[in-house]
Amino acid sequence: MDKNFKEEFTQIIKFEPPLYKQRHQFVKDLVEKYKPKKVADLGCADCSLLWMLKFCSCIEVLAGLDICANVMKERMHTLSPLPVDYLQPSERSLTVTLHHGSVAHKDPCMLGFDLVTCIELIEHLEESELKKFPEVVFGFMAPSIVVISTPNSEFNCLLPRVMLYRHPDHKFEWSQAEFQSWALETASCYDYSVEFTGVGHPPTGMEKVGFCTQIGVFFRKSPQTGESVQSEKPMEAVYKTVFKAVYPSLKDEKYLQNAVISEVIFTAQIIKHRLMSKREEYNDDPERKSKFQLSMDCFSDYLGKLVVEKNMEPFVSGNEVYIPLRTIFSFPKVNRLCGTFEKLCKLIAGKVTLSSDGSAVMFNIEHENEEN
């Protein structure tokens, strides 16, 4: 390589977006493609990848592991639910947990994950830890997919101020051949296949050096059997949990009930407003008013034994407005939240003012006018 050519690139090479964001986006794209429900990030550090992944609607369980508890604790508050999460609970459940421990140790809390990410982790491991790492991740945890990224040492010649390693804590940095050799051997040993890619494209004319960050995506070939997992399961936990957040979810009946009540009242108010607006139109026309009043009188005759049929329209009787629950249930959001009419009735029982037979939401117009 021409020395001047090399020096030119070391001065101008810059990644946009930054390399860490490209790595995180790579994982996010993988999540959106394969839809894992349980994801663990080993070597989660400042929790920035976990923060990005918590917005992926398919994920229900997120776990982070790092050897440095202080680094996690500095940023773990970003993984807590916000006020809006309680005001508008998601339809999915989400639990986020952070653990303090080493990837060289096995802990039952890390079993059952669909995807495990190890982003810029392995180069920080001591030789003894690196030897144990494959058995812990591929043998014990045995997720469906494992993503491992690590620096490509061949790219270092293009990076300014890199003398040996990119970070003082790195114990090694592999070339493309070294990483692929390790990955292929590991995949073969634990019945995985592996695909190689990366992020951080080299400059034009320097393609042979490869990606700045090299990535191996491992796919388990056969399902993990319950017996093999159980035989490996340690008797006691070795990780220390430093953070746990359970997000409000509509799968929790408490939050579901609040959401249904709010939606029922909101829907009933809209129907009532439309009904009252229509009534005012009739009041402005004497002939139409007479017909409307006759219709109201007919409903009043049956008020004592009100039975709202499925297709009955909302109506006014005296100072009271009746909005049939069947009509409210027909609205898409209410229907989706409840699933069945019986569940709707159960969730709002005692929480919303209903007609005497419980078949309609009832509003007192006179009382509302006094308040206004």
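Residues numbered from 1 in each chain as written. Predicted model: local features only at pLDDT ≥ 70, side-chain atom pairs only at ≥ 80, totals over all residues. Heavy atoms only, no water.

The name recorded for the chain in an unreviewed UniProt entry is Small RNA 2'-O-methyltransferase, from Nesospiza acunhae. Looking at the Sequence similarities (unreviewed entry) heading of the UniProt record, one finds this comment for the chain: "Belongs to the methyltransferase superfamily. HEN1 family." Turning to the chain, the UniProt annotation filed under Catalytic activity (unreviewed entry) states: "small RNA 3'-end nucleotide + S-adenosyl-L-methionine = small RNA 3'-end 2'-O-methylnucleotide + S-adenosyl-L-homocysteine + H(+)". (UniProt positions renumbered as here; feature names shortened; annotations may be inferred.)

A few words on the packing of aromatic side chains. Tallying each qualifying case throughout the model produces 15 aromatic pairs. Their ring planes at 40° and their centres at 5.8 Å tell us that Phe15 and Phe155 sit as a pair that is tilted. Here Phe155 lies in the loop between β5 (145–151) and α7 (176–189) and Phe15 lies in the loop between α1 (3–12) and α2 (19–34), a separation of 140 residues in the sequence. Of the two residues, Phe15 and Phe155, both sit in the buried class. (Phe/Tyr/Trp six-rings, centres within 6.5 Å; stacked < 30°, edge-to-face > 60°. Helix = DSSP H or I, 4+ residues; strand = E, 2+ residues; numbered from the N terminus. Buried < 20%, exposed > 50% of the residue type's maximum accessible area, 1.4 Å probe, protein only.)

The subject of this paragraph is helix α13 (residues 341–348). When α13 is considered as a whole, its buried residues turn out to be Phe341, Leu344, Leu347 and Ile348. For α13, the arc enclosing every buried residue in end-on projection is 125°, short of the 170-degree limit, so these residues lie on one face. Away from its buried face by more than 90 degrees, α13 exposes Glu342 and Lys346. Gly350 lies just past α13 and shows a positive phi near 80°. (Arc of directions from axis to C-beta.)

The eight strands are arranged β6-β7-β5-β4-β1-β2-β3-β8 in an open sheet whose pairing can be described as mixed. The open sheet is flanked by β6 (192–199) and β8 (240–246), the only strands paired with a single partner. Strand-to-strand twist across the sheet, computed as the mean angle between neighbouring axes with direction ignored, equals 15°. By the bridge criterion, six bridges tie strand β2 (residues 61–66) to strand β3 (residues 95–100) in an arrangement that is parallel. Following the sheet pairing, Gly64 is matched in β3 by Leu98. Here α2 sits on the sheet in contact with β4 (115–119), β5, β6 and β7 (213–220), set at roughly 20° to β7. (Pairing = 2+ DSSP bridges. Axes fitted to C-alpha atoms, helices over the stretch in contact; angles between N-to-C directions. Contact = heavy atoms within 4.5 Å.)

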